[in-house]
Amino acid sequence: MKRDLTNSPVERKNVLNNNIAIPEIYKAVSFPGVLLEKKFRYTKQQLSEFFEVDVRTIERVLANNEDEIISNGYEVLTGNRLKIFKEEFIKIINPHYKEELNKAPSLGVFTFKALLNFGMLLTDSERARQIRSLILDIVIDVLNEKVQGHTKFINQREEQYLFVAMDEFDYRTKFTNAIDHYIEKNNFKYSQLTDKVYKSIFKENASEYKKILRLNSKQSVRSTFYTEILRIISDYENAFAVELEDCFNEKGRKLTLTEAHSLFNDFSKRAEKMMYASIQDARSKMASRDLAFRDALHEKLEDYIKEVSEEDFEKFLGEQSMTIERRLEENKDVFKRLKNR
């Protein structure tokens, strides 16, 4: 999917929130700044020279996108912080600015993230276009390096995934047992009711989801779900299993599949109200993460797409993330204790 950094605030934020990729981009750009409070800072003049545009263009872009650029590190220095910056700038960057800097009672400076932000907003700069291309290449390279190309199962790198998946397996068994015990024999009852759960939560059935994530026939849909999705599916299926049992007890017989569908339709309307916040959150996380990490667009969830947080990038790509095989190995003693309980 083609990514347009100039027009999409979400795409820009997804780059700037990616603290795993930012250091690699900094190495590639290799543009010296003044280190102040553990962050490199740049002046408007430096940005002007770097992007090969005049200072008025920098000021115009800043004025038109002030909130966004401030959120990514632009600020005005005064007092002692300005004094420290001036001294370092004159010493490290350019001593010829000494007289000009000493006159300034305040000075607007940009962090490296704010510099990159400019590179995504400047449309009339060839250097900015090159920076955007470099950014996207590095973001993709870092992602592929971290997950060895297995983005379909990036969800499994989360620290809590394995234990949530184990719990979900138990709830899934309760759901399928309820379908077996309380609904008349029908070859389609498991798949149809599972699809109804999926559509209630993220508006897609299993085959639609597989197509969007480009899963093959042997790859499990559930093995690609994030922990938040697994949790809400567990809640949903467990609650409906109780509904099936209650209806079975009330009627004194197994339900037909048609009756089960009708029961689910009534249940889902109530669940939509009772679980509204959880469902909205699940839709947003699935749509946003899949677009950022898997390059997969859920068109039915397009309105739920938001930026991916710094915490999510750390969760799936950072030091605490790892393959499920490695996590299984690290937790083998835990699983032995669980087995022997």
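Each remark here, short or long, concerns the structure printed above.
Just so we're clear, the structure is a prediction, and the values are computed from it rather than from any experiment.

Enquirer: So what's going on with the sheet that holds strand E4 (residues 107-111)? Residues and values would help.
Expert: In a beta sheet, neighbouring strands are held together by backbone hydrogen bonds and run either parallel or antiparallel to one another. Read across the open sheet, the 4 strands follow the order E1-E2-E4-E3; overall the sheet is antiparallel. The open sheet terminates on both sides in strands that have one partner only, identified here as strand E1 (34-36) and strand E3 (75-77). For this sheet, the mean angle separating the axes of adjacent strands, direction not counted, is 50 degrees. Where E3 meets E4, 3 bridges bridge the pair, whose relative direction is antiparallel. Note that in E4 the partner of Val76 across the bridge is Gly108. With respect to the sheet, helix H3 (residues 44-51) is in contact with strand E2 (39-43) and E4, its orientation differing from that of E2 by roughly 80 degrees.

Enquirer: Can you lay out the nonpolar core for me, pointing to particular residues and giving the numbers?
Expert: Phe51, Leu116, Phe118, Phe202 and Phe225 are the most contacted members of the largest nonpolar core, which totals 88 residues. Element by element, the count of residues in this core is highest for helix H13 (residues 227-251), at 9 residues. Leaving out residues up to four positions away in the same chain, Phe202 has contacts with Tyr209, Phe225, Ile229, Ile233, Arg283, Met286 and Leu301. Judged by nonpolar contacts, the second largest core, of 8 residues, contains Val34, Leu82, Phe89 and Val109.

Enquirer: Just give me the short version of the pairing of E4, but keep the residues and values in it.
Expert: Burial analysis of E4 places 5 of its 5 residues in the buried class, the great majority of the element. Of the two faces of E4, the one carrying Leu107, Val109 and Thr111 and the one carrying Gly108 and Phe110 are both buried. Here 3 bridges tie E2 to E4, and the two strands are oriented antiparallel to one another. Among the inter-strand pairings, Tyr42 is bridged to a residue of E4, identified as Phe110.

Enquirer: Can you explain the side chain of Glu237? Please cite residues and give values.
Expert: Following the sequence through the fold, Glu237 ends up in helix H13. With residues up to four places along the chain from it excluded, the contact list for Glu237 reads Arg172, Phe175, Val197 and Arg222.

Enquirer: Describe the packing of aromatic side chains, listing the residues and the values that go with them.
Expert: Aromatic ring pairs: the centre-centre distance and the angle between the two ring planes describe each pair. This structure, assessed with the given rule, holds 22 aromatic pairs. With a centroid separation of 6.1 Å and an interplanar angle of 45 degrees, the aromatic rings of Tyr236 and Phe264 are classed as tilted. You can see Tyr236 sitting in helix H13 and its partner Phe264 sitting in helix H14 (residues 257-274), a full 28 residues away along the chain. Here the two residues Tyr236 and Phe264 agree in accessibility, since each one is buried. With centroids separated by 5.8 Å and ring planes inclined at 55 degrees, the aromatic side chains of Phe264 and Phe267 adopt a geometry described as tilted. Of this pair, Phe264 and Phe267 are both found in helix H14, 3 residues apart, which corresponds to roughly one turn of the helix. Overall, Phe264 belongs to the buried group, its relative accessible area being 2%.

Enquirer: Give a description of the packing of H3 against helix H8 (residues 112-121) that names residues and reports values.
Expert: Look at H3 against H8: their axes get within 11 Å of each other, and the N-to-C directions meet at 45 degrees. Comparing the axis directions of H3 and H8 gives the class oblique. When you trace H3 past H8, the crossing you get is right-handed. Only Leu115, Phe118 and Gly119 of H8 make contact with H3, whose side of the interface consists of Leu47, Phe50 and Phe51. Across the contact of H3 with H8, the residue classes tally to 5 nonpolar, 1 polar and no charged.

Enquirer: Any chance you could break down the pattern of salt bridges for me, citing the residues and the numbers?
Expert: Tallied over the full model, the rule gives 28 salt bridges. Notably, a salt bridge pairs Arg222 with Glu168, separated by 2.5 Å at the nearest N-O pair. Taken together, the residues span a long stretch of sequence, with Arg222 in the loop between helix H12 (206-213) and H13 and Glu168 in helix H10 (residues 161-182) at a distance of 54 residues. The partner of Arg270 in a salt bridge is Glu243, and the shortest N-O contact between them spans 3.0 Å.

Enquirer: Go over helix H15 (residues 276-294), please, and point to the residues and values.
Expert: Given a rise of 1.5 Å per residue, 19 residues ought to cover 27 Å, and the 26 Å separating the end C-alpha atoms of H15 matches this to within 8%. Where H15 ends, the next residue or the one after it, Asp295, has phi of about 55 degrees, a positive value.

Thresholds, definitions, all that
- Residues numbered from 1 in each chain as written.
- Predicted model: local features only at pLDDT ≥ 70, side-chain atom pairs only at ≥ 80, totals over all residues.
- Heavy atoms only, no water.
- Pairing = 2+ DSSP bridges.
- Helix = DSSP H or I, 4+ residues; strand = E, 2+ residues; numbered from the N terminus.
- Axes fitted to C-alpha atoms, helices over the stretch in contact; angles between N-to-C directions.
- Contact = heavy atoms within 4.5 Å.
- Core = buried A, V, L, I, M, F, W, Y, C linked by side-chain atoms within 4.5 Å.
- Buried < 20%, exposed > 50% of the residue type's maximum accessible area, 1.4 Å probe, protein only.
- Phe/Tyr/Trp six-rings, centres within 6.5 Å; stacked < 30°, edge-to-face > 60°.
- Parallel < 35°, antiparallel > 145°, perpendicular 65-115°, else oblique.
- Left-handed = near helix turned anticlockwise from the far one by under 90°.
- Nonpolar A, V, L, I, M, F, W, Y, C, P; charged D, E, K, R; others polar.
- Salt bridge = Lys/Arg side-chain N within 4 Å of Asp/Glu carboxyl O.
- Expected span 1.5 Å × (residues − 1).

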